[in-house]
Amino acid sequence: MSDTKAAIGIFDSGVGGLTVFRAIRQRLPEESLIYLGDTARVPYGSKSGAAVTRYALACAEIVLKQDVKLLVVACNTASAHALDVLRDELDVPVLGVIEPGARLAVERTRIERVGVIGTVSTIRSAAYQDALTGLAPNLRVFAKACPLFVPLAEEGWTEGFVPEAIARAYLDELKEAEADALVLGCTHYPLLKPIIGSVMGPEVELIDSAETTASVVEATLEGIGLRAPPGNLPSFRYNVTDSPEAFAEVGARFLGHPIDDVEWVDF
Ligand code: DGL
């Protein structure tokens, strides 16, 4: 049985899950967090469901060697493929990002038309499409893979002619579908919110699953009586399976402040 001071474990294929880490830290500042970026095997977004599930199990094993009371799968692609397997195999509660994002989109659409963007592997899995129509059977879902958004976000190339042209090429068909909510179904896409928003127009609400996942983390910890005690002094650890320096450099852009002490872990 975990204790209230144990950390929340968070893993992602690489650096992108720091958007989820950041949202959890903002919402739950007294919680200790352990982050694992599987930088040796990133990207997951172009891989098969079987490979992603294998990597996700390996990540969970690394994170759970430490004192963890809850595991958050920050990666959309890993949530899409591996959530059920992780829940079956592990003894701690496991939360993904797909269900919270889908729930928020269903709440926000007024015309039951929702767009979803994500990696090739996430869109191919149909996990968002199934979660959305599971919650609202009459909903129309328009899904589109936008793989180039990941390297753009990592390069910090989030404004100007090139990202805008790429965003138009991907999103024009979704704009024509006239959805009024668009799920940003990938860890990296919140960094491109201004450009995605300008292409889609002000009538389309962008659904960021990082923030809504943080609220589900809070509710889950409340539900199982494992919130950190008031006044708890939290610790933050960053683990990676490859290239700690590169993670620290790109990760600083995702977190908005420098990261020190990134530790390499064997995998
Ligand atoms: N973290 C992945 C996701 O949210 C994006 C990066 C990758 O392809 O691994 O789907």
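Rules behind the numbers
Residues numbered from 1 in each chain as written. Predicted model: local features only at pLDDT ≥ 70, side-chain atom pairs only at ≥ 80, totals over all residues. Heavy atoms only, no water. Near = heavy atom within 4 Å. Polar contact = N/O pair within 3.5 Å; in protein donor to acceptor, adjacent residues only side chain to side chain. Areas by Shrake-Rupley, 256 points an atom, 1.4 Å probe, with all protein chains shown as cover. Nonpolar A, V, L, I, M, F, W, Y, C, P; charged D, E, K, R; others polar. Pairing = 2+ DSSP bridges. Helix = DSSP H or I, 4+ residues; strand = E, 2+ residues; numbered from the N terminus. Axes fitted to C-alpha atoms, helices over the stretch in contact; angles between N-to-C directions. Contact = heavy atoms within 4.5 Å. Core = buried A, V, L, I, M, F, W, Y, C linked by side-chain atoms within 4.5 Å. Buried < 20%, exposed > 50% of the residue type's maximum accessible area, 1.4 Å probe, protein only. Patch = residues over 30% accessible without salt bridge, like charges linked within 9 Å, V, L, I, M, F, W, Y side chains within 5 Å. Salt bridge = Lys/Arg side-chain N within 4 Å of Asp/Glu carboxyl O. Expected span 1.5 Å × (residues − 1). Bend = angle between axes of the 7 residues up to and from the residue. Phe/Tyr/Trp six-rings, centres within 6.5 Å; stacked < 30°, edge-to-face > 60°.

**Student:** Explain the site of the ligand to me, please; I cannot follow it from the model alone.
**Tutor:** Around the ligand sit 13 residues, and of these Asp-12, Ser-13, Tyr-44, Gly-45 and Thr-77 come closest. Contact between the ligand and Asn-76: an oxygen atom at 3.0 Å from a main-chain N or O atom of the residue. At 2.9 Å, a side-chain N or O of Thr-187 approaches a nitrogen atom of the ligand. Expressed as a share of its isolated accessible area of 290 Å², the protein-covered part of the ligand is 98%. Looking at the shell around the ligand residue by residue, the class counts come to 5 nonpolar, 7 polar and 1 charged.

**Student:** Sorry, what's going on with the sheet that holds strand β6 (residues 140-145) here?
**Tutor:** Here we have 4 strands laid out as an open sheet, ordered β6-β5-β7-β8, and parallel in their pairing. Each having just a single partner strand, β6 and β8 (205-208) make up the two edges of the open sheet. Averaged over all pairs of adjacent strands, the angle between their axes in this sheet comes to 25°, without regard to strand direction. Strands in contact with helix α6 (residues 127-135) are β5 (113-118), β6 and β7 (181-185); relative to β6, the strand with the most contacts, it is inclined by about 165°. Running over the sheet, helix α10 (residues 209-223) touches β7 and β8 and is turned about 45° from β8.

**Student:** Explain the sheet that holds strand β10 (residues 262-264) here, please?
**Tutor:** Strands belonging to one sheet form pairs held by backbone hydrogen bonds; the direction of such a pair is parallel or antiparallel. Across the sheet, which stays open at both edges, the 6 strands sit in the order β4-β3-β1-β2-β9-β10 with parallel pairing between neighbours. Each edge of the open sheet is held by one strand with a lone partner, namely β4 (94-95) and β10. One ladder, built from 5 bridges, connects strand β1 (residues 7-12) with strand β3 (residues 68-73); its direction is parallel. Each bridged residue has a counterpart across the sheet, and for Ile-8 the counterpart in β3 is Leu-70. With respect to the sheet, α10 is in contact with β1, β3 and β4, its orientation differing from that of β3 by roughly 155°.

**Student:** Looking at this structure, how should I read the nonpolar core?
**Tutor:** One broad rule of soluble globular proteins: the nonpolar side chains tend to lie buried together. Grouped together as the largest cluster of nonpolar side chains are 55 residues, with contacts concentrated most on Ile-8, Leu-18, Ile-24, Ile-117, Phe-149, Leu-171 and Ile-196. Discounting chain neighbours no more than four positions away, the residues touching Ile-24 are Ile-8, Ile-10, Leu-33, Val-72, Ala-214 and Val-217. Within the second largest apolar cluster, 25 residues are counted, among which are Leu-36, Ala-51, Ala-56 and Leu-86.

**Student:** So what exactly am I meant to see when it comes to a nonpolar patch on the surface here?
**Tutor:** Nonpolar side chains collect at one region of the surface, where Trp-157, Phe-161 and Val-162 lie side by side and expose about 350 Å² of accessible area between them. Among the structural elements, Phe-161 can be located in helix α8 (residues 161-176). On the basis of relative accessibility, which here comes to 71%, the residue Phe-161 falls in the exposed class.

**Student:** Please explain helix α3 (residues 76-89) as it appears in this structure.
**Tutor:** Residue pairs three or four apart in sequence face the same way in an α-helix, which turns once every 3.6 residues. The first and last C-alpha atoms of α3 sit 19 Å apart over 14 residues, in line with the 20 Å expected at 1.5 Å per residue. Of all the bends found along α3, the most pronounced is centred on Ala-82 and spans about 70°. Every buried residue belonging to α3 is among Asn-76, Thr-77, Ala-78, Ser-79, Ala-80, Ala-82, Leu-83 and Leu-86, and all of these are buried.

**Student:** What's the story with the packing of aromatic side chains in this structure? I'm lost.
**Tutor:** Two aromatic rings, taken as a pair, are described by how far apart their centres are and by the angle between their planes. What the rule picks out here adds up to 7 aromatic pairs. Geometrically, the ring pair formed by Phe-21 and Phe-236 is edge-to-face, given 6.1 Å between the ring centres and 65° between the ring planes. Note that Phe-21 is positioned in helix α1 (residues 18-27) and Phe-236 in strand β9 (residues 236-240), a separation of 215 residues in sequence. Among the residues examined, Phe-236 registers a relative accessible area of 32% and is labelled partly exposed. Summarising the aromatic geometry, the rings of Phe-21 and Tyr-238 are spaced 5.3 Å apart at their centres and angled 40° between planes, so their arrangement reads as tilted. One end of the pair, Phe-21, is in helix α1; the other, Tyr-238, is in strand β9, with 217 residues separating them in the sequence. In this structure, Phe-21 and Tyr-238 share a single accessibility class: buried. Linked through ring pairs, Phe-21, Tyr-35, Phe-236, Tyr-238 and Phe-247 together constitute an aromatic cluster.

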